[in-house]
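# Tertiary structure, described
So the chains spell out like this:
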Amino acid sequence: AMGLAGMVVFDALIAIAICAVIMGFLPEERRRMWWWSVPVFLFFTPIFVWTLISGLTEPLFGLASVLVVHFLWRDRFVAAMVLLSIMPFIRPEYVVLAPLAIGYVVSQKAWKALPWALTGVIIFSALSGIVLGRPWAFFTEPTYLGSTLYGK
């Protein structure tokens, strides 16, 4: 309903959330002194700003990525795996982060968290089965194959 302007507002809110999560990595005593540096570095990075004003999905993927790292940092392995499981539906670049995050969970011997990495695919498959009648659409109908706005 809001078009490109709505996407830009959404991406700006996502950018603010990214700043908040990154600032959360700073120790409390340094956070008070250096809080301003996170938005400065983020918003003075041209490629980041271009994606914000273009209404692309990269900022949402960036937020999901820093949140996965945040959850792993805090030993919240189930939350990290659930969020990681949704990331294939945000951007295909999840294939870079997924092995690293899963590898870290394995290295921490958090075996009970690993099945949660399938949550997003299971939910998406169930919903696409109900709505589209094609439960395997995620596997059989890749998003970027064929004719798209980006070309073949």
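Residues numbered from 1 in each chain as written. Predicted model: local features only at pLDDT ≥ 70, side-chain atom pairs only at ≥ 80, totals over all residues. Heavy atoms only, no water.

### A short note on unusual backbone geometry
Basically, it comes down to this: Strands here mean DSSP runs of E at least two residues long; helices mean DSSP runs of H or I at least four residues long; both are numbered from the N terminus. Only protein chains enter the calculation, and the probe is 1.4 Å; a residue is then buried if its accessible area is under 20% of its type maximum, exposed if over 50%, and partly exposed in between.
Positive phi values are uncommon outside glycine, yet Asp 75 reaches one of about 60 degrees. Position of Asp 75 among the secondary structure elements: in the loop between α5 (58–73) and α6 (77–86). Note on Asp 75: relative accessible area 47%, which makes it partly exposed. A positive phi angle, near 60 degrees, is found at Lys 109, a position not held by glycine.

### Thoughts on the packing of aromatic side chains
Definition in use: Side-chain rings of Phe, Tyr and Trp (the six-membered ring for Trp) are treated as a pair once their centres are within 6.5 Å; stacked means planes under 30 degrees apart, edge-to-face means over 60, and tilted covers the remaining angles.
For the coordinates displayed, the defined rule picks out nine aromatic pairs. Measuring from ring centre to ring centre gives 5.5 Å for Phe 25 and Trp 73, while their planes differ by 80 degrees; the resulting arrangement is edge-to-face. Within this pair, whereas Phe 25 is found in helix α1 (residues 3–25), its partner Trp 73 is found in helix α5, the two being separated by 48 residues in sequence. Since its relative accessible area comes to 24%, Phe 25 is described here as partly exposed. Members of the aromatic cluster, each reached through a chain of ring pairs, are Phe 89, Phe 124, Trp 136, Phe 138 and Phe 139.

### Side note on the pattern of salt bridges
Selection criterion: Note on definitions: salt bridges are taken to be side-chain nitrogens of Lys or Arg within 4 Å of carboxyl oxygens of Asp or Glu.
Enumeration according to the criterion identifies four salt bridges in this entry. The salt bridge partner of Arg 32 is Glu 28, with a shortest N-O separation of 3.7 Å. Highlighted residues: Arg 32 and Glu 28, both in helix α2 (residues 28–34), separated by four residues, approximately one helical turn. When the shortest N-O distance is used, the salt bridge between Arg 91 and Glu 58 registers 3.4 Å. In this pair, Arg 91 is assigned in the loop between α6 and α7 (94–107) and Glu 58 in helix α5, connecting sequence segments 33 residues apart. A relative accessible area of 12% means that Arg 91 is categorised as buried. Under the relative-accessibility criterion, Glu 58 is labelled partly exposed at 30%. Among the charged side chains, a network of salt bridges with common partners joins Glu 28, Arg 31 and Arg 32.

### Observations concerning the packing of α6 against helix α8 (residues 119–131)
Heads up, the rule is: Axis definition: a line fitted to C-alpha atoms, limited for helices to the stretch in contact. Angles are taken between N-to-C directions and run from 0 to 180 degrees. Working rule for angles: under 35 degrees goes down as roughly parallel, over 145 as roughly antiparallel, 65 to 115 as roughly perpendicular, anything else as oblique. In this description, contact between two residues means that some pair of their heavy atoms is separated by no more than 4.5 Å.
Here α6 crosses α8 at 45 degrees, and the two axes come no closer than 6 Å. The angle between α6 and α8 falls in the class oblique. Here Val 82, Ser 85 and Ile 86 of α6 lie close against α8, whose contacting residues are Thr 119, Gly 120 and Val 121.

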